[in-house]
Amino acid sequence: MSLKNILLRTINQKNKFINLSASAVKVSNQEQYGHGGQQKKNYGYNRRTMATALFSSVVVGTMASAEKSDKNKNKNEDKTVEAGTIRPDLPTFRAEEVSKHDNEKSFWVTYKNGVYDVTAFLPSHPGGDQILNAGGLSIEPFWNVYGMHKTEEVYALLESYRIGNLHEDDVVDHSDEEMWVKEPSRDRRLVVKTARPFNAETPAKLQVAYFDTPNELFYVRQHMPVPELDQSSHRVKVIVKDGGVTSKEFSLQDLSRFPKGTVRAALMCAGNRRSEMNEQVKPVKGISWQGGAISSAVWEGVYLRDVLVHCGVDTHNTAGKHVIFTGADIDATGQNFSTSIPLDQALNPNSRIVLATSMNGRPLPPDHGYPLRVVVPGAPAVRSVKWLESITVSHEESPSHWHQKDYRSFNASKTWETADFASAPPIYSLPVTSAICDPVNGDTVTVKNGIVEIRGYAYSGGGAKILRVDISPDCGNTWIQAEEMQSDDAPPQQHYGWTLWTARIPVKRGQKELKLWAKATDSNFNTQPETFHDIWNIRGVLSNAYHKIKVQIKH
Ligand SMILES: Nc1nc2c(c(=O)[nH]1)N[C@H]1C(S)=C(S)[C@@H](COP(=O)(O)O)O[C@H]1N2
Ligand SMILES: [Mo]
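Residues numbered from 1 in each chain as written. Chains lettered and ligands numbered in written order. Predicted model: local features only at pLDDT ≥ 70, side-chain atom pairs only at ≥ 80, totals over all residues. Heavy atoms only, no water.

Q: So, the site of ligand 1: which residues are in play, and what are the values?
A: Near ligand 1 there are 19 residues, and of these Y219, D329, H368, R373 and K386 occur at the shortest range. In the environment of ligand 1, an oxygen atom lies 2.6 Å from a nitrogen or oxygen atom belonging to the backbone of Y219. In this structure, K386 approaches ligand 1 through a side-chain N or O atom, which is 2.5 Å from an oxygen atom. Here ligand 1, which alone exposes 530 Å², has 100% of that area covered by the protein. (Near = heavy atom within 4 Å. Polar contact = N/O pair within 3.5 Å; in protein donor to acceptor, adjacent residues only side chain to side chain. Areas by Shrake-Rupley, 256 points an atom, 1.4 Å probe, with all protein chains shown as cover.)

Written as structure tokens, this is what we have:
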């Protein structure tokens, strides 16, 4: 039976218990076995949530032996049953051949100098579908993390599947990859910008398909690997440095005793739409986000303000003070992700800052900060620190390089040589922006009754609400106001949702092409600049000029 059939059979069995669509299964199989990327670059990211329990029905019998091997671990580590040494009797493969090999026919992995066809072993892998992440790749980083593999039995078992040697030049040190092994499963529909750390946009057409973005389609922006945390043992420390230093620790249960806090907020990366600035003016540094680094959710937890007041923060003397948020994720030098906002902003009830445990009615997914995240609505999303470990009230801003060396505002003449980050204002709010999401640039659209219908989002930071979205079909000569506006009920000053809009654009008979410009106006009557020229900046942040696309017309 082919590998695909074995898998499909197992999946079909599982389908009786878990509700999976046929298309999800199909996509998953293609993606899991179809990848042929570079040896060092391609596992762990491309899975749908489909197969969490994929093989659990067939592994019951083998779990016992896995446990046994685990107990023997120490004893066996002394012995030197070596796997992956060179076997001159076997053929040699390049890493590229292994990774491009069709894993749907037979499933290959490497370990040190060894190449293995482990197809026959797949259904009885005690770790279930985890092994699928290693298709065409080395299993070493996985085994470094899941140490129960390092036993005589497992080495011997692996060697029984040996088919060849990995070319000497392709044997690499995988120790730096361990930290990526436990990354969460991600929806295949996300548009991946970088795999490690994982950064991905919500596809444009799916942004406007839902008012609140389904959690699995919410854009993802990571600076580091996703930390593994547990809600029952998680604690957040509130430290107040004001003359003396006081500190209090809260479990999630402790937090739940505060009044419930909730806010509907779109989160937008300060670098959203950076690619347009980059293309239309000159290069900027940063992830080349198109318009998909914004998504919407309802966040629930408790209000930060209540917790700060409970901890005795002086609500009157706020000037010059800051609230530093620190996450559990750490960089290569051991520094935790951290940034800060002014204390004034944190204490203002209009800010509606939530210490969130839930996102759209579900526990926060690992990618979005499980089990606790601060949501600072209306601010660049970088201030909404995930995996929140501590909150520090201080006379200083966060000292981290993410706060000191990024997310600051510069004029268009500043270069990397002349920009002074220390004196540049940190970005704590967001300007008005909009984008056309459906159609996307280059699409062919069908005219119905002389009309082309277009849809998009508009958003403004700082609690402002979108009042109007205008579309020009003729490079700014005339403007058509979007008719349908879907938005949150909250009033301006407290309005943190985005607005989804629909506009109907009349087209002439025989017209072949349509250029469309979009701009929004917010409740402060601020509107977008026409071009990116004057707002260009080295980091490509706050890239909010008119969104301009061109589509072909089918009558
Ligand atoms: N702990 C932590 N919090 C973080 C980040 C991070 O890397 N680590 N990235 C920030 C940035 S730059 C953005 S744009 C948002 C992205 O949130 P999302 O992944 O839930 O969309 O998270 C912010 N909070
Ligand atoms: Mo961001």
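More follows now that the structure is in view.
Q: Got a sec to walk through the packing of aromatic side chains? Specific residues and values, please.
A: Applying the stated criterion to the full structure yields 15 aromatic pairs. Each ring, one from F93 and one from W108, has its centre 5.1 Å from the other, and the planes form 65°; the classification is edge-to-face. Linking F93 in strand 1 (residues 92–93) with W108 in strand 2 (residues 108–111), this pair joins segments that are 15 residues apart in sequence. Here F93 falls in the buried class, since its relative accessible area comes to 15%. Of the residues examined, W108 reaches a relative accessible area of 12% and is grouped as buried. Summarising the aromatic geometry, the rings of F410 and F421 are spaced 4.9 Å apart at their centres and angled 80° between planes, so their arrangement reads as edge-to-face. Taken together, the residues span a long stretch of sequence, with F410 in the loop between helix 13 (401–404) and strand 18 (433–438) and F421 in the loop between helix 13 and strand 18 at a distance of 11 residues. Taking relative accessible area as the criterion, F410 reaches 12% and is therefore assigned buried. In this structure F421 comes out as buried when scored by relative accessible area, which is 10%. Grouped by ring-pair contacts, the aromatic residues F218, Y219, W289 and W299 constitute a single cluster. (Phe/Tyr/Trp six-rings, centres within 6.5 Å; stacked < 30°, edge-to-face > 60°. Helix = DSSP H or I, 4+ residues; strand = E, 2+ residues; numbered from the N terminus. Buried < 20%, exposed > 50% of the residue type's maximum accessible area, 1.4 Å probe, protein only.)

Q: Describe the nonpolar core, naming the residues involved and giving the relevant values.
A: Generally speaking, nonpolar side chains in soluble globular proteins are found buried as a group. Within the largest apolar cluster, 38 residues are counted, with the highest numbers of intra-cluster contacts made by L308, F325 and I391. Listed by contribution, the elements that provide at least two residues to this core are strand 8 (235–242), helix 9 (252–255), helix 11 (304–310), strand 12 (322–330), strand 13 (336–342), helix 12 (343–347) and strand 17 (388–394). When residues no more than four places from it in sequence are discounted, the contact partners of I391 are V236, K237, V238, I239, L304, L308, V323, I324, F325 and L355. By size, the runner-up hydrophobic cluster in this structure holds 22 residues, among which are V432, V469, A503 and L516. (Core = buried A, V, L, I, M, F, W, Y, C linked by side-chain atoms within 4.5 Å. Contact = heavy atoms within 4.5 Å.)

Q: Got a sec to walk through the pairing of strand 11 (residues 294–303)? Specific residues and values, please.
A: Most of strand 11 is tucked away, with seven of its 10 residues classed as buried. Bridge count between strand 10 (residues 260–268) and strand 11: nine bridges; the pairing is antiparallel. Pairing of R264 across the sheet is with V298, part of strand 11. The pairing of strand 11 with strand 14 (residues 354–359) spans five bridges and is classified as antiparallel. If you follow W299 over to strand 14, its bridge partner there is M359. (Pairing = 2+ DSSP bridges.)

Q: Go over the sheet that holds strand 2 with me, naming the residues and quoting the values.
A: Whenever strands of a sheet pair, they do so through backbone hydrogen bonds, lying parallel or antiparallel. Strands sit in the order 1-4-3-2 across an open sheet of four strands; the sheet is mixed. Both outer strands of the open sheet, strand 1 and strand 2, are each paired with one neighbouring strand and no more. The pairing of strand 2 with strand 3 (residues 114–117) spans four bridges and is classified as antiparallel. Note on strand 3: the bridge partner recorded for Y111 is G114.

Q: Please give an account of the environment of A293 that cites residues and values.
A: Looking at the element boundaries, A293 is found in the loop between helix 10 (274–280) and strand 11. Its relative accessible area of 0% is what places A293 among the buried residues. With 73 residues separating them along the chain, A293 and V220 place their C-alpha atoms 7.8 Å apart. Leaving out residues up to four positions away in the same chain, A293 has contacts with E201, Y219, L267, M268, C269 and N272.

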